[in-house]
Amino acid sequence: MAAPESPADKAATAPKRPLIMRYAARSDVGRVRAKNDDSAYVGRHLAVVADGMGGHAGGDVASAATVLDMIHLDRDDYDAEAGEADTVLADEIQTANSLLSELVHMNPKLAGMGTTVTALLLAGGKLHFAHIGDSRAYRLRNGKFEQVSVDHTFVQRLIDEGRLRPEEAETHPHKNVLMRVLGDVDASPELDLDVLDVEPGERWLLCSDGLNYVAGHVVERTVRETKSLRECAEKLVDLTLEAGSPDNVTVVMVDIAEQTPDDVNTAAVQVVPAVVAATALASKTAPPAGSAGSTGSTYAGKASESAKDDNSAGRSDKTPEEAAGPAKEPEPSTDPHLGEHLSAEVLREELSTRPHELVGAAASAAASGSIPSIAGRTVARRAATVLTHKAEPDREDADEYKPPVRRRRWLTISIAAAIVAVLGIGLWLGYAWTQTRYYIGEHDQRVAIFNGVSQRLGPIPLSTLETVTDIRMSDLPEFSQQRVRQTVPARDLYDAQRIVKNLERTGTTAPADECLTPSPTPSASATGRATSGAAARSKSASPTPTPSPSPSYCEGGK
C-alpha cells in the first residue's frame, strides 16, 4: 500500500504558476519645464520608461513614439524553443530607433530629437532587460537594493575611468551629457542587454533622471518601506517636486508575483469595458475624451480605476457620445501633422486587450490621437489588422486617394528619366566634339598624331592614336621635346600633319603659314652705293661682303 502524499510533496510536485507584474506608474512635468518629454508604459509583462532629450525639439515625440511602438510586446506567448523572447526586446528598440530616423526624415524640424529607454520584459520565467541612456532601473531582492542599469553619460565614463569621484558627479557641469541614446544620430545604437533570473517578491523601480534630485538613500528607504506600489510611486514623485523638480519625473513601480485566478478574472473585468468604450469611440468624429495635460501630473489607462467610468458606456439609456464623456480640446503636440497618425480608436483597440498604465507624453498622444507612425511600420500594420471592420465607403475613399499618388510617382520617374536623357545627350555631344580635334604628342619615343583631346574622363581616355611618325624624340631640340611631351594642339588632321612636317624640317613646332619665310636680301643698287661711298672715303678699305639670304623660323604650332 502506497503512503499518502504529504502537503510538502504536493507543493513540490505542483506546477509553478506563471509570473506577472503588479504595477503602478506616475509622471509629472515638474516645476520648471513647459512640457512633459517623459513617457512610460507598464502592464502584466512589460515595463518601459523613455525620457525624451530635453532641450531638443520633439523630445516628447521621441519618447511617445518609442513607447507606443513597444506596447505590443506586453504578452507571454513567445516561442521558447526559438528563443524569441531573448531577442524581441532588443529588436523592437532598434526598430523604434529607425522609426525616429524616419520621422526626422519626414520633418527636418525634429532633427536632434532623441530618447532614453529602460525596459523589462517578463517572459518564460525570465526577466529580459534592455537599457540605453540615463534613465535607471533599481531592484530590491532578498533585502538588497541595487541599481541594475548603468548611466550612459559623460560623467559616468569619467567615474569608470577613475577621473571623477561619484560624489562629484551631481555638481559636474556636463552631468547631463549623454553618450548613448536612441535618435537620428546612430543607425544601430549599442544597448545594454541582459537576461535575469526572477523570483516572486522582487520589486523594481524604473525612473527617468528627474528622480536623481532625490537623495539615493531616501529613494531606497521609500521603496523598502512603502508596501503599496501606488503610494510608493506618488511619494517618489512628491519628493522630487519638493526638491524643486527642474526636470520631468516619471516613476514605474513593479512587483513580481505569481498569477492567481483572481488576476485572470480581474483582467477580464478590466478589458471588457475598455472594448465597449473603444467601440463607442469608433462612431465619433470629434477628438477622443480624456486628453492628458502637458503640465501637472498625468495618469492614464489603469483599467481598475477607469472601469467605474467605462461601465456607464454599456447602459442602454445613454448615447455613445454620453458614454464616452465630454470631449476636451486635445493637447497640441510638437507637430500635429507628423507622419501618418493612427486614430485614437486603433490605439485603444491595441491597449484594450490587456490591463496597463500609460503615462506622460505617450498618454497625451494616445488621448489626442496624434500617434507618430510611418506607413508600413509594425504599428501601422497592426492597426490595419484591427481596422478590418472598416466600412466600404472608407475603402472607396482610400481607393480614390491612390491615383494621385501613382500620378505623382510617374511624374517623378518621368522627370528623372528626362534629366538622365539630357545628361546622356550632353555627354555624347561633348565626346563627339573631342573626336574632331587633333594634337601632337609622344608615343614610344617618337612623335605621333592623336585624334581627340589629351584629357581623360575618369578611366576613359578621350583620344586615340592616329599615326606614329619616324621622328625620334631624341633628334629634336630640348625645347621642342618639352613642347611635344606637353602635347601641341592642332585645328584638324591637315594642321597636325603640317606641324609634324615643320618638326621634321626645322625641329620646331612653328605654324606653317609663318615659317620658312626667307629674310629680305639687300638690293644690288643699295649695295653698290654703299661700296662706292666706302671707296671714296678710304681706298685702303676692303669691299663689304653682301649678306646671303637666310630663312627665318618662328615658334608655335597652331
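It should be noted that the structure appears before, not after, this text.
For clarity, every value in this text was computed on a predicted model and none was experimentally measured. (Residues numbered from 1 in each chain as written. Predicted model: local features only at pLDDT ≥ 70, side-chain atom pairs only at ≥ 80, totals over all residues. Heavy atoms only, no water.)

## As for the pairing of strand β2 (residues 38–43)
- The element β2 is largely enclosed, with a buried count of six among its six residues.
- Across five bridges, the pairing between β2 and strand β14 (residues 356–360) is antiparallel. Residue pairing for β14: Ala40 is matched across the bridge by Val359. (Buried < 20%, exposed > 50% of the residue type's maximum accessible area, 1.4 Å probe, protein only. Helix = DSSP H or I, 4+ residues; strand = E, 2+ residues; numbered from the N terminus. Pairing = 2+ DSSP bridges.)

## What about the pattern of salt bridges?
- A complete count under the given rule lists 25 salt bridges for this structure.
- A salt bridge links Arg33 to Asp247; the shortest N-O distance between them is 3.2 Å. Placement of Arg33 in the loop between β1 (19–28) and β2 and of Asp247 in the loop between α6 (229–242) and β12 (249–258) is noted, with a sequence separation of 214 residues between them.
- Judged by its relative accessible area of 33%, Arg33 falls in the partly exposed class.
- Judged by relative accessible area, which is 9%, Asp247 ranks as buried.
- Close ionic contact of Glu84 with Arg75 constitutes a salt bridge, the shortest N to O distance being 3.7 Å.
- The exposure class assigned to Glu84 is partly exposed, which follows from its relative accessible area of 30%.
- Several salt bridges share partner residues, and in doing so they unite Lys35, Asp37 and Asp60 into one network. (Salt bridge = Lys/Arg side-chain N within 4 Å of Asp/Glu carboxyl O.)

## Describing the sheet that holds strand β15 (residues 438–443)
- Strand order across the open sheet formed by four strands is β17-β16-β15-β18, with antiparallel pairing between neighbours. What marks the edges here is a single partner per strand, and that holds for β17 (460–472) and β18 (488–490). For this sheet, the mean inter-axis angle between neighbouring strands, taken without regard to orientation, is 40 degrees.
- Of the strand pairs in this sheet, β15 and strand β16 (residues 446–457) are connected by six bridges, and their pairing is antiparallel. Counterpart to Ile440 in the pairing with β16 is Ile449.
- Along the sheet, helix α14 (residues 478–485) makes contact with β15, β16 and β18, crossing β15 at roughly 115 degrees. (Axes fitted to C-alpha atoms, helices over the stretch in contact; angles between N-to-C directions. Contact = heavy atoms within 4.5 Å.)

## What to know about the sheet that holds β14
- As summarised here, the arrangement of the six strands in space is β10-β6-β5-β3-β2-β14, forming an open sheet in which the pairing is antiparallel. Pairing within the sheet leaves two strands with one partner each, and these edge strands are β10 (192–197) and β14. For this sheet, the mean inter-axis angle between neighbouring strands, taken without regard to orientation, is 10 degrees.
- Bridge count between strand β5 (residues 117–123) and strand β6 (residues 126–132): seven bridges; the pairing is antiparallel. From the neighbouring strand, Leu121 faces β6, where its bridge partner is His128.
- Packing against the sheet, helix α11 (residues 361–368) makes contact with β2 and β14, and its axis sits at approximately 100 degrees to β14.

## Remarks on the side chain of His356
- Within the secondary structure, His356 is located in strand β14.
- A polar atom in the side chain of His356 sits 3.4 Å from the backbone oxygen of Leu351.
- Only 3.1 Å separates the side chain of His356 from the backbone oxygen of Arg354, close enough to count as a polar contact. (Polar contact = N/O pair within 3.5 Å; in protein donor to acceptor, adjacent residues only side chain to side chain.)

## Focus: the nonpolar core
- Counting residues in each nonpolar core, the largest one holds 42 residues, and the members touching the most others are Tyr41, Met70, Leu89, Ile93, Met113, Val117 and Leu358.
- Within the residue set of this core, elements represented by two or more residues are β3 (46–51), α2 (59–70), α3 (84–106), β5, β6, α10 (344–351) and α11.
- If one sorts the elements of this core by residue count, α3 sits on top with nine residues.
- In terms of nonpolar packing, the next biggest core, distinct from the first, is built from 21 residues, Val42, Leu120, Leu196 and Leu206 among them. (Core = buried A, V, L, I, M, F, W, Y, C linked by side-chain atoms within 4.5 Å.)

## Description of the environment of Asp263
- Residue placement: Asp263 occurs in helix α7 (residues 261–282).
- Taking the C-alpha atoms as reference points, Asp263 and Arg44, 219 residues apart in sequence, are found 9.9 Å from one another.
- Those residues in contact with Asp263 that sit more than four places away from it in its chain are Ile20, Arg22, Arg44 and Glu258.

## Quick look at helix α15 (residues 493–506)
- Taking 1.5 Å per residue as the helical rise, α15 with its 14 residues ought to reach 20 Å, and the 20 Å between its terminal C-alpha atoms agrees with that figure.
- Burial in α15 covers these residues: Asp495, Ala496, Ile499, Val500, Asn502 and Leu503. For α15, the angular spread of the buried residues around the axis is 155 degrees, confining them to a single face. Residues of α15 that are exposed and point over 90 degrees away from its buried face: Tyr494, Glu504 and Arg505.
- Buried residues along α15 sit against β15, β16, β17, α14 and β18.
- Put simply, Asp492 is the residue that caps the front of α15, since its side-chain oxygen is 3.2 Å from the backbone nitrogen of Tyr494.
- Once α15 finishes, Gly507 follows within two positions and takes phi at roughly 80 degrees, a positive value. (Expected span 1.5 Å × (residues − 1). Arc of directions from axis to C-beta.)

## Re the packing of helix α5 (residues 216–225) against α6
- Here α5 crosses α6 at 160 degrees, and the two axes come no closer than 9 Å. Here α6 runs roughly antiparallel to α5, going by the angle between their axes. For the element pair α5 and α6, the recorded crossing hand is right-handed. Contacts from Val218, Val219, Thr222 and Val223 of α5 reach α6 at Cys232, Lys235, Leu236 and Leu239. (Parallel < 35°, antiparallel > 145°, perpendicular 65-115°, else oblique. Left-handed = near helix turned anticlockwise from the far one by under 90°.)

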